[in-house]
Amino acid sequence: MAVNWNAWGPLADRYRTPGPRRLLALDGGGIRGLLTLQILDRLERDLRAARGGDPAFRLCDVFDLIGGTSTGAILAAALARGMSTAQLIDFYRAFGQLAFTKRSLFERWKSLYADGPLQDKLKDTFGAGTTLEPQHLRCLLLVVTRNATTDSAWPISSNPSAKYNDPTRPDCNLRMPLWQIVRASTAAPVFFPPEVVSLDPRDPSKTFVFVDGGTTAYNNPAFLMYRMATEPAYRLGWPRGERDMLIVSVGTGRGPVAGRTADDAEGNLVGAAANTLSALMSQAAFDQDLSCRTIGRCVHGAPLDREVGDLVPRAGDGRPIPLSEDTGRAFLYARYDALLTPEGLDALGCGEVDADQVKKLDSVEQMANLERVGQAVAREIRLADFGDLVTR
């Protein structure tokens, strides 16, 4: 398909130039986004140093597509706008206290937190008139939402060539306010009210209710982003290959919830429902990670389970195969995340952190501990794992 580069505006020169494509995928996880930010901060500092040390360097200068779900959508949108990780850390410290202030007991029968403070903060940060149009972003952006009206996942991208981003359409996605798209992705059930979005004010059938993108199969959006970047139907068609694509995936910490035991196999209905939802979201994130490690070439990541391990390709002596040897995979893949269990935290040198408290989505009193855990994970970053894909 011929690309209309005029529609790409100020991004045209960058994306018409051949070269490796780099994707940054950010998980959902409420206030645990502070953990993610410590990893991103280390990544930004290391990349800045490797690329000359310019203080104006931003992650959007390296990553061609940044995507996120829920809290990851906030981070992705801010990075795509050109914010530094230092600015985002300051934002999140204030945002956490503001967004997670409980409603009165009378109001909490619908949701724990009001959307007003969150909405105002997003408008103030991104600008009330900022949209997905290319003049407002420094790289491509993907935000995962769930359309509750149609009961379907809606990953919304800023790709100017995408079918539903055609400016001649009255419901063109590019004209949606950026703050509202992000707000839609963060509308976690129980925590925040849903977001109502009108794609075409003249057509009532184009008004939809959106809830948190984390309730889709894409709380970890990494493999979704790979598909949307390479499958021709999405109209990017970027080349596959270990020397052509890198995906860096960053989590917000995973905290398995203990389930039923043999002496209480059934449990009560409420507890079973809650654990089932948690298990489904956990397994969906696991599946995205596993897909990336089997289709792509994993260069870093904790073991997935005892059967498959970390799936880093190794020679007969157990050593990782050097990147100079192409194994024929579709992309290079690195995954950074923390295991928020007593054992996992202890392995990171954070054994005194309360696992039950730090894994909650709204534990603002744990923000300092989240940053500490994120800093521990960030020490795992080695730019050598990415070959030359972040320097050329």
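The model shown is predicted, which means the values in this text are computed figures rather than measured ones.

Q: I keep staring at the overall build of the chain and nothing clicks. Help me out?
A: Along the backbone of the chain there are 11 helices and 9 strands. Looking at the chain as a whole, 52% of its 392 residues are labelled buried. Summarising the internal contacts of the chain: among those between residues at least 6 apart in sequence, 71% fall at separations of at least 24. Split by element, the accessible area of the chain, about 17300 Å² in all, is 53% carbon and sulfur.

Q: Is there a simple way to explain the packing of aromatic side chains in this structure?
A: Note on aromatic pairs: each is described by the distance of the centres and the angle between the planes. Enumeration according to the criterion identifies 9 aromatic pairs in this entry. Seen from their ring centres, Tyr15 and Trp238 are 6.2 Å apart, and the 5° between their planes marks the pair as stacked. A residue pair is termed long-range when its members are at least 10 positions apart, and Tyr15 in helix H1 (residues 12-16) and Trp238 in the loop between helix H7 (222-230) and strand E7 (245-250) qualify at 223 residues. Accessibility assignment for this pair places Tyr15 and Trp238 in one class, buried.

Q: Mind showing me how you'd approach the state of the cysteines here?
A: Throughout this description, disulfide means a covalent bond between two cysteine sulfur atoms. Within the structure shown, the criterion is met by 0 disulfides. For Cys298, which is in no disulfide, the shortest distance to another cysteine sulfur is to Cys292 and amounts to 9.3 Å.

Q: So what exactly am I meant to see when it comes to the packing of helix H2 (residues 33-50) against helix H11 (residues 367-378) here?
A: Each pair of packed helices can be described by the angle between their axes along with the distance between the axes. Packing of H2 against H11 brings their axes to within 7 Å, and their N-to-C directions diverge by 40°. Judged by the sense of rotation from one axis to the other, the crossing of H2 with H11 is right-handed. Counted together, Leu34, Leu35, Gln38, Ile39 and Arg42 of H2 and Met367, Leu370, Glu371, Val373, Gly374, Gln375, Val377 and Ala378 of H11 form the full contact between these two elements. In terms of residue class, the contact of H2 with H11 is made up of 8 nonpolar, 3 polar and 2 charged.

Q: Would you take a moment to explain the environment of Glu133 for this structure?
A: For Glu133, the location among the structural elements is in the loop between helix H5 (116-126) and strand E3 (140-147). Taking the C-alpha atoms as reference points, Glu133 and Asn173, 40 residues apart in sequence, are found 8.9 Å from one another. With residues near it in sequence (within four places) discarded, Glu133 still touches Leu174 and Arg175. Of note is the side chain of Glu133, whose polar atom sits 2.7 Å from the side chain of Thr131.

Q: Can you help me understand the side chain of Thr71 in this one?
A: Among the structural elements, Thr71 can be located in helix H3 (residues 71-81). For Thr71, a relative accessible area of 3% translates into the label buried. Residues contacting Thr71, with those up to four places away along its chain left out, are Asp27, Gly28, Gly29, Gly30, Gly33, Tyr92, Thr186 and Thr252.

Conventions used here
Residues numbered from 1 in each chain as written. Predicted model: local features only at pLDDT ≥ 70, side-chain atom pairs only at ≥ 80, totals over all residues. Heavy atoms only, no water. Helix = DSSP H or I, 4+ residues; strand = E, 2+ residues; numbered from the N terminus. Buried < 20%, exposed > 50% of the residue type's maximum accessible area, 1.4 Å probe, protein only. Contact = heavy atoms within 4.5 Å. Areas by Shrake-Rupley, 256 points an atom, 1.4 Å probe, with all protein chains shown as cover. Phe/Tyr/Trp six-rings, centres within 6.5 Å; stacked < 30°, edge-to-face > 60°. Disulfide = S-S within 2.5 Å. Axes fitted to C-alpha atoms, helices over the stretch in contact; angles between N-to-C directions. Left-handed = near helix turned anticlockwise from the far one by under 90°. Nonpolar A, V, L, I, M, F, W, Y, C, P; charged D, E, K, R; others polar. Polar contact = N/O pair within 3.5 Å; in protein donor to acceptor, adjacent residues only side chain to side chain.

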